[in-house]
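Results of the structural survey
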Amino acid sequence: MSEHSIFTELEEILQKKLSEQGITTPTKVQETVIPPILAGKNIIFQSETGTGKTYAYLLPILTRILRKNAESMPNGDKTVKAVICAPTYELASQINQAAKNVSTIKTALFIGGAPLKRQIESLKEKPELVIGTPARLVELINLKKLKVAHVEAMVFDEADRLLKKELLEEAEALKEALPKDVQRIACSATIDSAAKKFFLGAELEILPEEQVLRRNITHWAIYAENRDKIDTLRKFILAEKPAKALIFTSRADQVANIYAKLRYKKIDCMALHAKADKKERKAAIDRFRSGKERLLITSDLSARGLDIKNITHVIQMDLPNDEDFFVHRAGRTARAGSTGINVLIGDEYEMRKFAALEKKLGIVVYPKEVRDGTVSAPR
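Report on the accompanying structure. Every chain's residues receive numbers from 1 upward, in the order its sequence appears when written. pLDDT decides what is reported in this predicted model: residues at 70 or higher carry local features, side-chain atom pairs at 80 or more are listed and counted, and totals for whole chains, interfaces and linings draw on all residues regardless. Heavy atoms throughout the structure, all of them, feed into the side-chain values; hydrogens and water do not.

In this structure, glutamate 158 is a non-glycine residue whose phi angle is positive, near 60°. Each helix is a run of DSSP H or I of at least 4 residues and each strand a run of E of at least 2, with the numbering of both proceeding from the N terminus. Counting through the fold element by element, glutamate 158 comes out in the loop between β5 (153-157) and α7 (159-162). One non-glycine residue, asparagine 310, adopts positive backbone phi at about 65°. Along the chain, asparagine 310 falls in the loop between α14 (300-303) and β12 (313-316). Exposure classes here rest on a 1.4 Å probe applied to the protein chains alone. A residue is buried below 20% of its type maximum, exposed above 50%, and partly exposed in between. Taking relative accessible area as the criterion, asparagine 310 reaches 62% and is therefore assigned exposed.

Here we come to the pattern of salt bridges. We define a salt bridge as a contact between a side-chain nitrogen of Lys or Arg and a carboxyl oxygen of Asp or Glu at a distance within 4 Å. For the structure shown, the criterion picks out 24 salt bridges. Here glutamate 20 makes a salt bridge to lysine 16, at a shortest N to O gap of 2.9 Å. In this pair, glutamate 20 and lysine 16 both sit in helix α1 (residues 12-20), four residues apart, roughly one turn of the helix. When its relative accessible area of 51% is taken as the criterion, glutamate 20 is described as exposed. Residue arginine 234 pairs with aspartate 231 through a salt bridge whose shortest N-O separation is 2.9 Å. On the criterion of helical spacing, the pair formed by arginine 234 and aspartate 231 is a turn pair, its members being three residues apart in helix α11 (residues 229-240). A relative accessible area of 19% places arginine 234 in the buried class. By relative accessible area, which is 31% here, aspartate 231 ends up partly exposed.

Here it is as structure tokens:
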């Protein structure tokens, strides 16, 4: 641990756990936001995907909980001291695991689709850090099972997604349910005007771009008519042999369609179905994360915030209307300083949109085609 590292301001147990994971140097976002969060300031920060945002807020929050516990009686009453809200089960679960990786502080995970009774039972174990999706957190608060009177910090991870129309009502209800003087923290790879307004009065930190999209990710465009896209995907997989690829589609119903057609052609893959239950979704992600499956098909919402190491390829089966979704998709590869390939399989209209996006984002897009079992520049 470097003598001048911001990590030296954390509790010693956290420093030790980070070192055991080989994390000794903080990222830029961690250097920037750990001090104000430790100081109890309200902050909203934007940083590119894969830059270490989770530990940027988690480490100072855990430090504050540990220090508060050290000041109180050894067997004092344990209360919920921090609430972290995420838009999806997968991201909430990931944050929960990150907390467990560096601390023995009791955490609880509250997400929709899981048995409510079992989650209520887990509150009897006196968690001090609660992580969950907005609707379930609000439900537990309204049932007076999750007591939030002593909460000192709240975090909205992927804040822009939480404030979209489909989640806004629950996000507002959660904010209103927490103490008025709670420390407010929010982060995302893209902070929009709605997030700034929602967290009015918080310090705004927009980290300088690390040029991940430009420097670390190679962008390819493969032309295909809509009816030919899945067959083009199949040919691409056979030619490129990606070690670990995340395949995106905007339409949730297309996830099952792509999965079925690839499996019919004897290509092993997994899918994050919108209608799949929590166990099935977790099994798919775990197999993909461990490398047992190298292809995972998903929609934008299902994969939001997923931090999985060593994804070599992101394959986009369409170009999302929302530019931020494109950034979030592409950012699933080339994480933590690695490199990766982002591929769009698109029709003529999408190619024109991609050309405009190329100019706007300052990236370079290389046209490719799959020919004779190889991926190469068009003739």
